[in-house]
Amino acid sequence: MITPQIIRSNRKTLSLSINENADLVVRAPHFVSYDEIQKFISEKSTWIDKKHRLIKAHLKDNLNDNISSHCLYLGSLYQIKIDNNSIEPISFNGQMFTINNESKETISLLLKSWYKKRFIEVALPRLSYFSDKYNLKVNQVRVKEQKTLWGSCSSKNNINLNYLLIMAPMKVIDYVILHELVHTIHKNHSAKFWQKVETIMPNYKDSRYWLKKNGYKLRRL
């Protein structure tokens, strides 16, 4: 049995999920006992096992990816060309990436640095656009790599965004940004929260599905 990560809050019901690292996450109300949580996990054991094996298979494929040949950017796959004579450590001409180093570790570091800069250039104006248009007030915005989250919003309306999202299509980036912005007025995933998201982005479920299906590919670095 997988050791669960238990997150307690003021919610009223139990829920569980397998995150992209194949960890079992249980969200529980404060009043629910550990024994009740274990019983809930046991009742869902068939689903947990199936989901866990699927995520582990994704992670295995992820490790077998050849990072030195291709990479994702805004939802499209581009070739990586190694050119030791290139002046720039990393460059992109709209058709391929050129990197002047053959080391996989260096390629990963260069891509992460490039991705972070591009994400800031692409995503922050979109966040300002949605914030201003729909009067969703933000305190601070931080851009960083997160192991399990694509974004988060604190009780003080500080938003974190995962820059690895730059590998996803623009509509997916917009969805995550909007998701966190709506959390500035609805702190949980209530019906009102999803109604607000859908009012602004009627096709948000398409982006949510894309991220659920392909999110593991964005963590290949």
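On a predicted model such as this, the values are computed, not experimentally measured, just so you know.

**Q** Requested: an account of the overall build of the protein, with residues and values cited.
**A** In terms of helices and strands, the protein carries six helices and 10 strands. A principal-axis box enclosing the C-alpha atoms of the protein has dimensions of 65 × 45 × 25 Å. Residues classed as buried in the protein amount to 43% of the 221 residues present. Considering only contacts in the protein between residues 6 or more positions apart, those separated by 24 or more positions represent 48%. When the accessible surface of the protein is split by element, carbon and sulfur atoms take 49% of a total near 12900 Å². Treating the 35 positive side-chain charges of the protein as one cloud and the 19 negative ones as another, the clouds have centres 6 Å apart.

**Q** Give me the sheet that holds strand β10 (residues 159-162): which residues, what numbers.
**A** One open sheet holds the three strands; their spatial order is β8-β10-β9, and the pairing between them is mixed. Lying at the two open borders of the sheet, with one neighbouring strand each, are β8 (141-144) and β9 (151-153). The mean angle between the axes of side-by-side strands here comes to 15 degrees, regardless of whether they run parallel or antiparallel. In this structure, β8 lies alongside β10, joined through four bridges in parallel fashion. Counterpart to V141 in the pairing with β10 is I159. In the packing of helix α4 (residues 170-182) onto the sheet, contacts are made with β9 and β10, and the angle to β10 comes to roughly 165 degrees.

**Q** Tell me about the packing of aromatic side chains, and name the residues and values.
**A** Each aromatic ring pair is specified by the distance between its two centres and by the angle formed by the two planes. Taken as a whole and judged by the stated rule, the model has 15 aromatic pairs. Aromatic pair Y175 and Y204: ring centres 6.1 Å apart, planes at 20 degrees, arrangement stacked. Taken as a pair, Y175 in helix α4 and Y204 in helix α6 (residues 204-214) lie far apart in primary sequence, 29 residues in all. A residue is classified by how much of its surface remains accessible, and Y175, at 5% relative accessible area, is buried. Grouped by ring-pair contacts, the aromatic residues Y73, Y78, F92, F97, W114 and Y115 constitute a single cluster. When the ring centre of W150 is taken as reference, the NZ or CZ atom of R219 above it lies at 3.9 Å.

**Q** Describe the sheet that holds strand β2 (residues 15-18), with residues and values.
**A** Strand order in this open sheet of three strands is β1-β3-β2, and the pairing throughout is mixed. At either end of the open sheet lies a strand with only one pairing partner, and these are β1 (5-9) and β2. For this sheet, the mean inter-axis angle between neighbouring strands, taken without regard to orientation, is 20 degrees. Bridge analysis of β2 against strand β3 (residues 24-29) gives four bridges, and the strand direction is antiparallel. Counted as the bridge partner of S15 is R27 from β3.

Rules and cut-offs
- Residues numbered from 1 in each chain as written.
- Predicted model: local features only at pLDDT ≥ 70, side-chain atom pairs only at ≥ 80, totals over all residues.
- Heavy atoms only, no water.
- Helix = DSSP H or I, 4+ residues; strand = E, 2+ residues; numbered from the N terminus.
- Buried < 20%, exposed > 50% of the residue type's maximum accessible area, 1.4 Å probe, protein only.
- Contact = heavy atoms within 4.5 Å.
- Areas by Shrake-Rupley, 256 points an atom, 1.4 Å probe, with all protein chains shown as cover.
- Lys, Arg positive; Asp, Glu negative; His and termini not counted.
- Charge placed at Lys NZ, Arg CZ, Asp CG, Glu CD.
- Pairing = 2+ DSSP bridges.
- Axes fitted to C-alpha atoms, helices over the stretch in contact; angles between N-to-C directions.
- Phe/Tyr/Trp six-rings, centres within 6.5 Å; stacked < 30°, edge-to-face > 60°.
- Lys NZ or Arg CZ within 6 Å of the ring centre and 35° of its normal.

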